Amino acid sequence: MITVTYLSQNVLLIGCILAPSFVRGDDPVPGGKSVKGTPAFVAYIDAIRKETDEKLEPIYDEIRNEMEDAKSDIDRESIFQSHLSKIEAVNAAGTQRALEEITPHASDSAAVEPLIWIANSGSQTDAGNSAAKLLMKYHLVRKETVELASNKKRSPNRWCEAMLRAQLGAQDLPEDLRCQVMLSLAVCLKSRGEVAAMLPDADETLKKQFEQSFGDDYFAKVLKTGPTEYEAEAIHLFTEVGDRYPNEEIRKGATVGEFARNSIFQIEHLGIGRVAPDIEGEDIDGVKFRLSNYRGKVVMLTFWANWCVRCMAAVPHENELVEQYKHRPFELIGVNSDPDREKLKSVLEEHKITWRSFWDGDKGPEGPIVTAWNMTNWPRNFLIDHAGVIR
């Protein structure tokens with residue numbers, strides 16, 4: 001049996017966690033008062049935030065120092081996990097104190113930003129869940145709350161789906177925020193469907209991580225709902241938002257309509273349990289081949305490029321996989337997005353990359369294979385079994 005180790009989602013959060021914490025300028029002064037007319041409860045919470053940041057900073061310094069010597073995503077994940085319990089403990093203590101202070105004032109408009117900080121910093125804790133519920137109760141359709149839910153739509157927490165559903169169903173949701181909420185809910189449901197599809201075959205460690213992040217009740221709900229129901233609702237929402245706001249830009253050069261169509265393609269063709277779409281193209285030497293040529297073998301399909309730092313950091317691990325399974329029915333196949341084929345050949349030689357890759361043409365990250373598979377970030381891996389099914 002061939003096994004492949006998956007990284008948890010935590011490594012994707014490292015950049016966000018290491019970012020400097022936001023501290024308001026109207027810091028409190030002794031006696032519960034504050035400058036610039038800040039309400040006393042906000043000033044008190046600002047003091048808690050500042051204290052929390054000061055406790056976190058030496059932990060972040062340790063992580064930064066250790067990251068400098070990390071050679072792969074697996075190393076970075078291991079470093080992060082070794083410090084995670086300390087980060088969670090500091091955040092849990094700070095957000096719980098802040099929640100106790102702000103709860104009596106939760107309906108005040110000045111409570112919105114502190115509640116968002118609690119929900120963000122303690123998004124997988126009871127305090128974060130309680131803060132999210134207070135935001136839903138008193139400030140559901142404020143722009144700041146909509147932004148919070150939109151930013152958390154893919155992350156494993158117990159409250160984001162409920163918040164987005166409540167926002168979309170609110171009669172007073174501003175029309176200029178409706179597209180954002182609808183699209184965010186569709187993405188959230190797509191993400192939950194991916195988790196529901198993955199969990200039955202996941203190892204116990206990964207299951208425990210999701211159970212802790214989701215909480216017992218929501219974790220059970222995700223498993224009970226299952227991927228089919230999540231996918232069907234996500235497709236319905238993507239279709240609706242794409243039809244209603246086809247030309248709305250979500251970022252420069254990308255429209256809601258295009259994003260919705262690509263997301264539906266991903267659900268229907270690239271999800272766990274789907275037969276992988278065939279790929280036909282040329283390798284780096286100009287020889288034509290197809291992904292389906294490798295039916296009967298387990299294939300790790302990796303989308304990579306020399307300009308992608310994380311891709312190149314993974315190369316030693318990928319070379320180890322190739323060596324480890326060289327006498328087994330396993331192939332590592334790449335889809336490369338470097339626009340200069342000749343320069344790419346020297347990269348292969350320098351890094352001792354022997355596994356075969358499709359070269360996706362001189363358009364680089366906008367090549368035909370990448371476009372067809374709707375790739376928006378690198379690296380991206382797909383494990384495909386001997387029958388061509390994505391696992």
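Reference entry: report on the structure contained in this document. (Residues numbered from 1 in each chain as written. Predicted model: local features only at pLDDT ≥ 70, side-chain atom pairs only at ≥ 80, totals over all residues. Heavy atoms only, no water.)

Quick look at the overall build of the protein
From N to C terminus, the protein includes 14 helices and eight strands. Against the 2.2 N^0.38 benchmark of 21 Å for 391 residues, the protein shows a C-alpha radius of gyration of 23 Å, consistent with a compact globule. By principal-axis analysis of the C-alpha atoms, the protein measures approximately 75 × 50 × 40 Å. Put simply, the protein has 391 residues, and 49% of those count as buried. Long-range pairs, those at least 24 residues apart, make up 68% of the contacts in the protein with a sequence separation of at least 6. Carbon and sulfur atoms make up 52% of the accessible area of the protein, which totals about 19700 Å². (Helix = DSSP H or I, 4+ residues; strand = E, 2+ residues; numbered from the N terminus. Rg over C-alpha atoms; globule rule 2.2 N^0.38 Å. Buried < 20%, exposed > 50% of the residue type's maximum accessible area, 1.4 Å probe, protein only. Contact = heavy atoms within 4.5 Å. Areas by Shrake-Rupley, 256 points an atom, 1.4 Å probe, with all protein chains shown as cover.)

Some remarks on the pairing of strand β6 (residues 330-336)
For β6, a buried count of six out of seven residues is recorded, marking the element as mostly surrounded by other parts of the structure. Here strand β5 (residues 298-304) runs beside β6; their pairing, made up of seven bridges, is parallel. Within the sheet, the bridge partner assigned to valine 299 lies in β6 and is glutamate 331. Once the chain exits β5 it traverses helix α12 (residues 309-324) before rejoining the sheet at β6, and the crossover so formed is right-handed. Alignment of β6 against strand β7 (residues 357-359), held across three bridges, turns out to be parallel. Along β7, the bridge assignment pairs valine 335 with phenylalanine 358. (Pairing = 2+ DSSP bridges. Right-handed = clockwise from strand over helix to strand, strands pointing away.)

Concerning the state of the cysteines
Counted according to the given criterion, the structure contains one disulfide. One disulfide bridge connects cysteine 308 with cysteine 311, the sulfur atoms lying 2.4 Å from each other. Between cysteine 308 and cysteine 311, the disulfide has an S-S torsion of 80° and is therefore right-handed. For the residue pair cysteine 308 and cysteine 311, the accessibility class agrees, reading buried in each case. The thiol of cysteine 160 is not disulfide-bonded; the next cysteine sulfur, from cysteine 188, is found 4.6 Å away. Free of any disulfide, cysteine 179 has its nearest neighbouring cysteine sulfur in cysteine 160, separated by 16 Å. (Disulfide = S-S within 2.5 Å.)

Quick notes on the sheet that holds strand β8 (residues 380-384)
The strand order across the open sheet built from four strands is β7-β6-β5-β8, with neighbouring strands paired in mixed fashion. With partners counted over all chains shown, the strands left at the sheet margins are β7 and β8, one partner each. Looking at each pair of strands side by side, their axes are set apart by 20° on average, direction ignored. Across the face of the sheet, α12 comes into contact with β5, β6 and β8 while running at roughly 165° to β5. (Axes fitted to C-alpha atoms, helices over the stretch in contact; angles between N-to-C directions.)

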